Amino acid sequence: MSAAHVLVVEDDPTVREVVVRYLERDGLDVAAVGDGESALLQAGIRWPDLVVLDLMLPQLDGFEVCRRLRATAPLAVIMLTARGDEDDRVTGLELGADDYVSKPFSPRELAARVKAVLRRAAGAGTVIAVEGGVDRLVAGDLQIDVSAREARRGQEVLTLTAREFDLIVFLASRPRRAFRREELLEQVWGYTYGDTATVTVHVRRIREKIEADPGQPRHLVTVWGVGYRWDP
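Residues numbered from 1 in each chain as written. Predicted model: local features only at pLDDT ≥ 70, side-chain atom pairs only at ≥ 80, totals over all residues. Heavy atoms only, no water.

1. Some details on the packing of helix α2 (residues 36-45) against helix α3 (residues 62-72)
Thinking step 1. At a minimum axis separation of 9 Å, α2 and α3 run at an interaxial angle of 20°. By the criterion of interaxial angle, the relationship of α2 to α3 is roughly parallel. Seen along the crossing, α2 lies across α3 with a hand that is right-handed. On the side of α2, the interface is formed by G36, A39, L40 and A43, while α3 contributes V65, R68 and L69.
Thinking step 2. A class-by-class count of the residues in the contact of α2 with α3 yields five nonpolar, one polar and one charged. (Axes fitted to C-alpha atoms, helices over the stretch in contact; angles between N-to-C directions. Helix = DSSP H or I, 4+ residues; strand = E, 2+ residues; numbered from the N terminus. Parallel < 35°, antiparallel > 145°, perpendicular 65-115°, else oblique. Left-handed = near helix turned anticlockwise from the far one by under 90°. Contact = heavy atoms within 4.5 Å. Nonpolar A, V, L, I, M, F, W, Y, C, P; charged D, E, K, R; others polar.)

This is how it looks when you write it as structure tokens:
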């Protein structure tokens, strides 16, 4: 089996070199460019399985690069964002990014996340087990069809990313059980370590889509000092 092809888009040559070195150590086939226009050209030469995409790029920023790439064909995207820029993280997730890593970051952590996303994209990653073998989950006016990977609120079909859907299914099939962010990061994302703010951002996005009042959630609730639980 040929190695997965990863495109690294990062304008800082030092960061770019370090990321490429770590990914190649893991046996991945890596191409690297320093700006948005070059990223689109390189993707046209060889379509990547995954893109590691910095948001702050010359010419075209990472958001526009992501829009154009994903308008062409599906692919996995991990965005590199400045620490604390939650709006950037949310925008990236709305564009379909699979995950983000905040700068400054550990190259080892980034490499682990790249491998986890690639496994998941190939269908060999963490399987979100549904407790009790239930194929349909209901909470108020929210209906989740697990096998069809579709969620509805009343008659409205919700637009959820793959990770958002997986997180809902994991929690909704385990109602009234509180999970720490670290547990969710491991069980849903497949990461044994990493930035738990990833979970927080996804929870915020999910609440905006499924809750009548995201500020006072009824289903995806916060357990202070612990993490989150699902109340049906």
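More follows now that the structure is in view.
2. Structural notes on the confidence of the model for the protein chain
Thinking step 1. Residues at a pLDDT of 70 or more form 91% of the protein chain, whose mean pLDDT is 86.
Thinking step 2. For the protein chain, helix α4 (residues 86-94) is the element with the lowest average pLDDT, namely 73, and strand β1 (residues 5-9) is the one with the highest, namely 96. (pLDDT = per-residue confidence, 0-100.)

3. Description of the sheet that holds strand β7 (residues 142-145)
Thinking step 1. Pairing in this open sheet of four strands is antiparallel, and the strands run β6-β7-β8-β9 from one edge to the other. Single-partner strands in this sheet number two, and they are β6 (136-139) and β9 (156-157).
Thinking step 2. When β7 meets strand β8 (residues 150-153), the two strands line up antiparallel, connected through four bridges. Residue pairing across strands places Q143 opposite R152, the latter belonging to β8.
Thinking step 3. Packed onto the sheet, helix α6 (residues 162-172) meets β6, β7 and β8 and runs at close to 105° relative to β7. (Pairing = 2+ DSSP bridges.)

4. Topic: the packing of aromatic side chains
Thinking step 1. In this structure the tally under the stated criterion is one aromatic pair.
Thinking step 2. Above the face of the Y22 ring, R25 is positioned so that its terminal group lies 4.9 Å from the ring centre.
Thinking step 3. The aromatic ring of F170 is capped on one face by R174, whose charged end is 3.9 Å from the ring centroid. (Phe/Tyr/Trp six-rings, centres within 6.5 Å; stacked < 30°, edge-to-face > 60°. Lys NZ or Arg CZ within 6 Å of the ring centre and 35° of its normal.)

5. Describing the nonpolar core
Thinking step 1. Counting 48 residues, the largest nonpolar core has V6, L23, L50, L110, V114, I144 and W230 as its most contacted members.
Thinking step 2. In terms of residue count, the dominant contributor to this core is α6 (seven residues).
Thinking step 3. Those residues in contact with L110, other than ones at most four positions away along the chain, are V19, V52, I78, L80, V101 and F105.
Thinking step 4. A31, L53, M79 and Y100 belong to the second largest nonpolar core, which has 24 residues in total. (Core = buried A, V, L, I, M, F, W, Y, C linked by side-chain atoms within 4.5 Å. Buried < 20%, exposed > 50% of the residue type's maximum accessible area, 1.4 Å probe, protein only.)

6. Some words on α3
Thinking step 1. Those residues of α3 not exposed but buried are G62, F63, V65, C66 and L69. Buried residues in α3, looked at end-on, bunch into an arc of 160°, giving them a common side. Exposed residues lying more than 90 degrees from the buried face of α3 are A71 and T72.
Thinking step 2. At the N-terminal boundary of α3, the capping side chain belongs to D61, with an oxygen 3.2 Å from the backbone nitrogen of F63. (Arc of directions from axis to C-beta. Polar contact = N/O pair within 3.5 Å; in protein donor to acceptor, adjacent residues only side chain to side chain.)

7. Points about the pattern of salt bridges
Thinking step 1. Tallied over the entire structure, the rule returns 20 salt bridges.
Thinking step 2. Notably, a salt bridge pairs R180 with E182, separated by 3.4 Å at the nearest N-O pair.
Thinking step 3. The partner of E183 in a salt bridge is R180, with the nearest N and O atoms 3.9 Å apart.
Thinking step 4. On the accessibility criterion, R180 (41% relative accessible area) is partly exposed.
Thinking step 5. One salt-bridge network, in which partners are shared between bridges, spans E10, D54 and K103. (Salt bridge = Lys/Arg side-chain N within 4 Å of Asp/Glu carboxyl O.)

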